[in-house]
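Read off the chains here:
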Amino acid sequence: MPTDLLHAFANNTWAWFLIALFFGGSIFVHELGHFLAARWRGAHVERFSIGFGPKIFSWHRDGVEYRISWIPLGGYVLLPQLADLGAIEGKSTADVAKLPPINYTSKVIIFLAGAAFNILFAFALACVIWLVGQPTSSEEVSTRIGYVSPTVDDGTKAASPASLAGLQVGDTVLAIDGRKITDWSDLTQTLIMSGSRGPDGQPQNVFTILRDGQTLNVTLHPRLAGDEGNRRVGISPAYELIVLDTPANSPGLRIGLKPKDQILSLDSTPVLNVSTWLDYLAAHASQPVAIKILRDKTELTLTLPPRTVTKQTPDLGLDFTSGSRLVHPNPFTQVTDNIVMTFRTLWSLLNPHSDIGLSKLSGPIGIVHIFHAAAEVGLSAVIMLTILINVNLAIFNLLPIPVLDGGQILFATIGKLRGRTLPINIVAATQGVFLVLLLSTIFYVSVFDVRRWARDVNEEKAAATAAASQPGK
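Treat the numbers as computed from the prediction; the structure is a model and nothing was measured. (Residues numbered from 1 in each chain as written. Predicted model: local features only at pLDDT ≥ 70, side-chain atom pairs only at ≥ 80, totals over all residues. Heavy atoms only, no water.)

1. Examining the overall build of the protein
Line of reasoning, step 1. Along its length, the protein carries 14 helices and 18 strands.
Line of reasoning, step 2. Per-residue burial over the protein gives 44% buried out of 473 residues.
Line of reasoning, step 3. In the protein, once contacts between residues fewer than 6 apart in sequence are set aside, the share between residues at least 24 apart is 66%.
Line of reasoning, step 4. With the model as given, the accessible surface of the protein reaches about 24,300 Å², and the carbon-plus-sulfur share is 62%. (Helix = DSSP H or I, 4+ residues; strand = E, 2+ residues; numbered from the N terminus. Buried < 20%, exposed > 50% of the residue type's maximum accessible area, 1.4 Å probe, protein only. Contact = heavy atoms within 4.5 Å. Areas by Shrake-Rupley, 256 points an atom, 1.4 Å probe, with all protein chains shown as cover.)

This is the structure we're talking about:
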C-alpha cells in the first residue's frame, strides 16, 4: 500500500469515528434484526458478533456470547438450529439434537429480519434528512447542459459524442433512452448503467432534450472514458457561477470582482459553467473581455484588459461556487430511490450489453473510502450514504445465494417443499463453494478499491500542490 495512502488512512479522526459509527452501526442493526427475531421466535442464540474471525474481546450475558471480531467484513448471529455456517461463524458448542426444531415460518422471519431492520434504519435516517434538510447545489439539481466539452478523457483527441451529435449549451435533458431524468446525478447514473447499443454493438443512447421550446431526440455514441472506463458524452451541468473568494493580489480582485458576484457572460457568451469561463479567457487573452456580472440584484460590466495567461492564474486567481438551497426530500422517496438504484446496479451487472463489471463495484475497502470522503463533506453526506448502504445491505443479503440470508431462505423453502430438510453435507458443500467465490470476489474488488483510493489520494495531493503554487491562494 502506498505511503501516501497510509497517511490518508491515519488522518482525520472525526472521519474515522463517523465511519465506525455509521458503517459499523449498519452492520450492528442488521444483526440486531436477526437477534431480536430469533429471541421472539424462541430460537437458541449462541453468539452475537460484529466482525468475523477470532474475537478481539467478548462478554457473556443471559447465555449469549457477545463479541467484537477482527475481520470487519460484516457480522453474524450464531443460530445453531437454523443453519450450519461453521466456516464463517465458527463451530457451535450447542447440542442441536436437544434443542426444539424451528418451523419454516420462524426461519423465514428470522432470516428476513436483518434486511427489514436495515430498511427501517434507512427510513429513520431519511426522516432525519427530511427534518434537518439536505444542502443541494444548483449544479446537482440541474438537468440543463452548461458546457459541451470538445473531447472526452478516453486517451484520444477525437471530438466528444455530445459535440458530434450537436448538443448545445442551454439544452435541457428530459430523458435518456426513454427514462425520465430528474437531476444531474440521475443523468450520470442512467448513462453509466445503460446497456443500450447500436446495430454495430457499440454504446448508443438516445437523449430526449428540450431546445427553444421544441422536444428533440438526439442519438449519441458514448465512449468509455476516465479512470473507471464509464460511458461519457462530454457534457457538464449548467449552474450559477458565483465568486466565492478574491484572494489578495489576484487578477480578479484587481479588475473589481467581489465575493458573491455572479458571472453572467463574457462579451456576448453566456457563462453557465466554470469550464466556459476558463476556455473563453484562455482563447481571448490577447484582447479586452467584457465581464457582465450580477451584484446585489444589479447588472454591472467589468473590463478585463489583455493579459498573459499562466498555469497559476487561468481563472484570474478566483475561487468559485454555485447557488445552493436546503431541500427536505420525502423519506419514502429517499428510500425508494435508493432501492431503484440498487436494482438498476444489479441489472447492469447481469445485462451482457452493460459496461458495468465487478471491477467497478466497491467492496469493504471501497465503502470505507466512500464513507471517508463523505465524512469530509459533512454529517448529512454521511447520513445519505448510510441510507444507500443499508438499502444495499438489505437487498444484497436477500439474494438467493448460499451463505447469505436469501440463500438460507432458499434452503428452508426447498426443505419445506420436499417435506424434510436438505442433507447437511449438501448444504455445507454448497455454502463452502459459494463462500470461496464470495471471498474471491471481495478480494478482486478490493484490489480495485485500493487502486482507486491511492489514485484519489495522489490527485488530492497534486491539487493541493497546484493550489499552493497560485499567488494569493
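2. Observations concerning the packing of helix α10 (residues 331-350) against helix α12 (residues 379-397)
Line of reasoning, step 1. Taken N-terminus to C-terminus, the directions of α10 and α12 make an angle of 55°; their axes are 9 Å apart at the nearest point. It follows that α10 is oblique to α12 by the angle criterion. In this structure, α10 meets α12 at a crossing whose hand is right-handed. For the pair α10 and α12, contact is made by Q334, V335, N338, I339, M341, T342, F343 and L346 and by I387, L388, V391, N392 and I395, respectively.
Line of reasoning, step 2. When grouped by side-chain class, the residues that make up the contact of α10 with α12 number 9 nonpolar, 4 polar and no charged. (Axes fitted to C-alpha atoms, helices over the stretch in contact; angles between N-to-C directions. Parallel < 35°, antiparallel > 145°, perpendicular 65-115°, else oblique. Left-handed = near helix turned anticlockwise from the far one by under 90°. Nonpolar A, V, L, I, M, F, W, Y, C, P; charged D, E, K, R; others polar.)

3. A few points about unusual backbone geometry
Line of reasoning, step 1. Phi at D212 is positive, roughly 50°, even though this residue is not glycine.
Line of reasoning, step 2. Along the chain, D212 falls in the loop between β7 (205-211) and β8 (214-220).
Line of reasoning, step 3. Taking relative accessible area as the criterion, D212 reaches 77% and is therefore assigned exposed.
Line of reasoning, step 4. Although it is not a glycine, K297 sits at a positive phi angle of roughly 70°.
Line of reasoning, step 5. Along the chain, K297 falls in the loop between β15 (289-295) and β16 (298-304).
Line of reasoning, step 6. Look at K297 and you get exposed, because its relative accessible area is 83%.

4. Thoughts on the sheet that holds β8
Adjacent strands of a sheet form backbone hydrogen bonds with each other and so pair up, either parallel or antiparallel.
Line of reasoning, step 1. Taking strand neighbours across the sheet as the criterion, the 4 strands line up as β6-β5-β7-β8 in an open arrangement whose pairing is antiparallel. Two strands close off the open sheet at either side, each with one partner strand: β6 (179-180) and β8.
Line of reasoning, step 2. By the bridge criterion, 2 bridges tie strand β5 (residues 172-176) to β6 in an arrangement that is antiparallel. Across the sheet, residue I176 finds its bridge partner in β6, namely R179. (Pairing = 2+ DSSP bridges.)

5. Considerations on the confidence of the model for the protein
Line of reasoning, step 1. Scored by pLDDT, the protein comes out at a mean of 85, with 89% of its residues at no less than 70.
Line of reasoning, step 2. Between the elements of the protein, mean pLDDT differs from a low of 53, seen in helix α1 (residues 3-10), to a high of 97, seen in β5. (pLDDT = per-residue confidence, 0-100.)

6. Looking at the nonpolar core
Line of reasoning, step 1. Grouped together as the largest cluster of nonpolar side chains are 26 residues, with contacts concentrated most on F22, F23, F371, V382 and I387.
Line of reasoning, step 2. Residue assignment for this core shows that the elements contributing at least two residues are α2 (13-40), α4 (104-132), α11 (364-377) and α12.
Line of reasoning, step 3. The element that contributes the greatest number of residues to this core is α12, accounting for 9 residues.
Line of reasoning, step 4. Once you skip the residues sitting within four places of it in the chain, F22 turns out to touch L125, F371, L379, V382, I383 and T386. (Core = buried A, V, L, I, M, F, W, Y, C linked by side-chain atoms within 4.5 Å.)

7. Focus: the packing of α2 against α11
Line of reasoning, step 1. Where α2 meets α11, the closest approach of the two axes is 9 Å, and the angle between their N-to-C directions is 120°. Classed by the angle they form, the pair α2 and α11 counts as oblique. The hand of the α2/α11 crossing is right-handed. Across the interface between the two elements, A15, W16, L18, I19, F22 and F23 of α2 pack against I367, V368, F371, H372 and A375 of α11.
Line of reasoning, step 2. Looking at the contact of α2 with α11, its residues break down into 10 nonpolar, 1 polar and no charged.

8. Points about the pattern of salt bridges
Line of reasoning, step 1. Tallied over the entire structure, the rule returns 9 salt bridges.
Line of reasoning, step 2. Linking E65 and R47 is a salt bridge whose minimum nitrogen-to-oxygen distance equals 2.9 Å. Here the residue E65 occupies a position in strand β2 (residues 64-78), and R47 occupies one in strand β1 (residues 47-61), the gap between them amounting to 18 residues.
Line of reasoning, step 3. Its relative accessible area of 9% is what places E65 among the buried residues.
Line of reasoning, step 4. Taking the shortest distance from any N to any O, the salt bridge between R67 and E65 comes out at 3.1 Å. Neither residue differs from the other here; R67 and E65 are each classed as buried.
Line of reasoning, step 5. Salt bridges sharing partners connect three or more residues here, namely R47, K55, E65 and R67. (Salt bridge = Lys/Arg side-chain N within 4 Å of Asp/Glu carboxyl O.)

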